[in-house]
Amino acid sequence: MPDTELTMLETAHAYFNESCDLLEINEGMRQVLLNPWRELSVAVPVRMDNGAIQVFNGFRVQHNGVRGPYKGGVRYAPAADSDHTRALAMLMTWKTALVDIPFGGAKGGVQVRPADLSTAELNRLTRRYTGAISHIIGPNRDIPAPDMGTNAQTMAWMMDAYGQANGYAPGAVTGKPIELGGSYGREAATGRGVCDVAALAAADMGLEMEGATVAIQGFGNVGSFAALRMAEIGVKVVAISDATCATHSPAGLDIDKVLEHSAREGSLKGCPWGERINNDELLELDVDVLVPAAIEGVINTRNAPGIKAKLIIEAANSPITYGADLILKERGITVIPDILANAGGVIVSYFEWAQNIQRFRWREERVNLELLTLISQGYWRTTDMAKERGITHREAAYAVAVNAVATAIELRGFI
Ligand code: GLU
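Residues numbered from 1 in each chain as written. Predicted model: local features only at pLDDT ≥ 70, side-chain atom pairs only at ≥ 80, totals over all residues. Heavy atoms only, no water.

(A) Summary view of the overall build of the protein chain. When its secondary structure is counted, the protein chain shows 14 helices and twelve strands. Taking 22 Å as the expected radius of gyration for a compact globule of 415 residues, we find that the protein chain reaches 20 Å, a close match to that expectation. In terms of overall dimensions, the protein chain has a C-alpha envelope of 55 × 55 × 45 Å along the principal axes. Looking at the protein chain as a whole, 58% of its 415 residues are labelled buried. Sequence-distant contacts in the protein chain: of pairs separated by 6 or more residues, those separated by 24 or more amount to 68%. A total accessible area of about 16900 Å² is found for the protein chain, and carbon and sulfur atoms account for 50% of it. Separation between the mean location of the 38 positive side-chain charges and that of the 48 negative ones in the protein chain comes to 6 Å. (Helix = DSSP H or I, 4+ residues; strand = E, 2+ residues; numbered from the N terminus. Rg over C-alpha atoms; globule rule 2.2 N^0.38 Å. Buried < 20%, exposed > 50% of the residue type's maximum accessible area, 1.4 Å probe, protein only. Contact = heavy atoms within 4.5 Å. Areas by Shrake-Rupley, 256 points an atom, 1.4 Å probe, with all protein chains shown as cover. Lys, Arg positive; Asp, Glu negative; His and termini not counted. Charge placed at Lys NZ, Arg CZ, Asp CG, Glu CD.)

In structure tokens:
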């Protein structure tokens, strides 16, 4: 096996280049599609509770805006450097294009471990970061949302900081609390979309979802709502984990109880159900469906040969390394790629933005139904292309998305 463990940015570039080869896209267009259209790097000074000043590195990368305002989350994590943010911004461009919502792709990042900061410090950090990028965001320019390390509260602070300078503009940020113009169903949307896509892929493979077994790695916003929704439709969630604990119960876990525990304790640590395993063992369990919903690169060349699931749903962004993807392809394991599998979040962000602009609120049933419609269409676009060309779901999803963005550039005629 050659050394194929690429970085996240190299991985995103590799998939992009392969789709350009498939689509026979010329060199000039490749450069337009590859390079971020605008990048901002900012210093974020924060007065800490003890009076000291600490400066954090912040970024906002606007990868491509041909199909609409830039769109994408803000990640608070020590790993959120410029290349990391670039890779995630590019994924957003393909994600919005694949599910055909009128946005481009962007991502923000601040290099910080949010657990190390108090709520007041996080509030000050968020306001300072928002102020530093406020001239390039806005409801018609670039619309941030939550990602790893950020949540509805972070978005409320961002909305407030943006609004102080620009007037009331709830559509400047999505993933807000319901009380401030957030959408019903937004918090659960990514996990719900993961489940919708898993059901579609399982049906195509002749796998019955009711009674099927699933292992979910990650119990944050995405993993917890995916688990809850899966349990609701009769899937047996036999293993779950977070950074502190992984547990396995062949009979299936009671997700409501597990959720209650993690809400009360702040993590899965001490969870009394199932048998303790480690995160690596979870990935190699003999289950029908595997859902990596935590961080990037967890399925790699080391563990890919041992994976037993028939279907992998990439709920996190880039959870499978480039080298592992080749191994899984060779082994005939179906992988539903991140740009489709976790698009539920940005789809409902789109609904939130549309509701904000129209000053009109949708009921939750409508949100969930429209989510199912858009994510299913993305799935069918992908599988049609995969069948037509005899390629994987990832190759097909990239081909559909890259083609849509390239076509928009040609039509606009600005180059
Ligand atoms: N952070 C999420 C993602 O990676 C959601 C982005 C959004 O809603 O704009 O897709």
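(B) Main features of the nonpolar core. By size, the foremost hydrophobic cluster in this structure holds 87 residues, and its most contacted members are L33, W94, M230, V291, I313 and I336. A per-element tally of this core places helix α14 (residues 393-412) first, with eleven residues. The residues touching M230, leaving out its near neighbours within four places in the chain, are V194, C195, A198, M209, V214, V235, V237 and V291. Residues V74, L122, M159 and A169 belong to the second largest nonpolar core, which totals 25 residues. (Core = buried A, V, L, I, M, F, W, Y, C linked by side-chain atoms within 4.5 Å.)

(C) Spotlight on the site of the ligand. Around the ligand sit 14 residues, and of these K71, K95, P146, D147 and S349 come closest. Take N317: an N or O atom from its side chain is 3.3 Å from an oxygen atom of the ligand. For the ligand, whose unbound accessible area comes to 290 Å², protein coverage reaches 94%. Looking at the shell around the ligand, the elements with two or more residues in it are β3 (70-76), α3 (82-98), β5 (142-146) and α12 (344-358). (Near = heavy atom within 4 Å. Polar contact = N/O pair within 3.5 Å; in protein donor to acceptor, adjacent residues only side chain to side chain.)

(D) Spotlight on empty space enclosed by the protein. Inspection of the entire model under this criterion finds one cavity of 30 Å³ or more. Computed from the structure, the largest cavity encloses a volume of approximately 50 Å³. M8, T11, A12, Y15, A87, L91, S318, D338, R394 and Y398 together form the lining of the largest cavity. Here the element with the most residues in the lining of the largest cavity is helix α1 (residues 8-23); it accounts for four residues. (1 Å grid on protein atoms, 1.4 Å probe; cavity = no way out; pocket = protein on both sides within 12 Å on 5 of 7 lines; lining within 4 Å. Points joined across faces, edges and corners; volume = space filled by probe spheres on them.)

(E) Region of the structure containing helix α2 (residues 27-34). Those residues of α2 lying buried are M29, R30, V32, L33 and L34. Along its buried surface, α2 packs onto α1, β2 (53-64), α3 and α14. The opening residue of α2 is N26, an N-cap whose side-chain oxygen sits 3.2 Å from the backbone nitrogen of G28.

(F) Fine view of the packing of aromatic side chains. Counting across every chain of the model gives nine aromatic pairs. On the numbers, 5.8 Å between centres and 85° between planes, the contact of W37 with F414 is edge-to-face. Of this pair, W37 sits in the loop between α2 and β1 (38-47) while F414 is found in the segment after α14, placing the two residues 377 residues apart along the sequence. Taken together, F103, Y350, F351, W353 and W362 form an aromatic cluster joined through their ring pairs. Seen from the ring of Y184, R361 lies directly overhead, with NZ or CZ sitting 5.1 Å from the centre. (Phe/Tyr/Trp six-rings, centres within 6.5 Å; stacked < 30°, edge-to-face > 60°. Lys NZ or Arg CZ within 6 Å of the ring centre and 35° of its normal.)

(G) Structural detail: the packing of helix α13 (residues 364-389) against α14. Direction vectors running N to C along α13 and α14 enclose 110°, while the axes themselves pass 8 Å from each other. If you check the angle between α13 and α14, you find them roughly perpendicular. Both α13 and α14 take part in a crossing whose hand is right-handed. The segment α13 lies against α14, with Y379, R381, T382, T383, M385 and A386 engaging H393, A396, A397, A399 and V400. Grouping the constituent residues of the contact of α13 with α14 by class yields seven nonpolar, three polar and one charged. (Axes fitted to C-alpha atoms, helices over the stretch in contact; angles between N-to-C directions. Parallel < 35°, antiparallel > 145°, perpendicular 65-115°, else oblique. Left-handed = near helix turned anticlockwise from the far one by under 90°. Nonpolar A, V, L, I, M, F, W, Y, C, P; charged D, E, K, R; others polar.)

(H) Highlighting the sheet that holds β5. The strand order across the open sheet built from five strands is β1-β2-β4-β3-β5, with neighbouring strands paired in mixed fashion. Edge strands, defined here as strands with exactly one partner in the open sheet, are β1 and β5. With strand direction ignored, the average angle separating the axes of adjacent strands in the sheet is 20°. (Pairing = 2+ DSSP bridges.)

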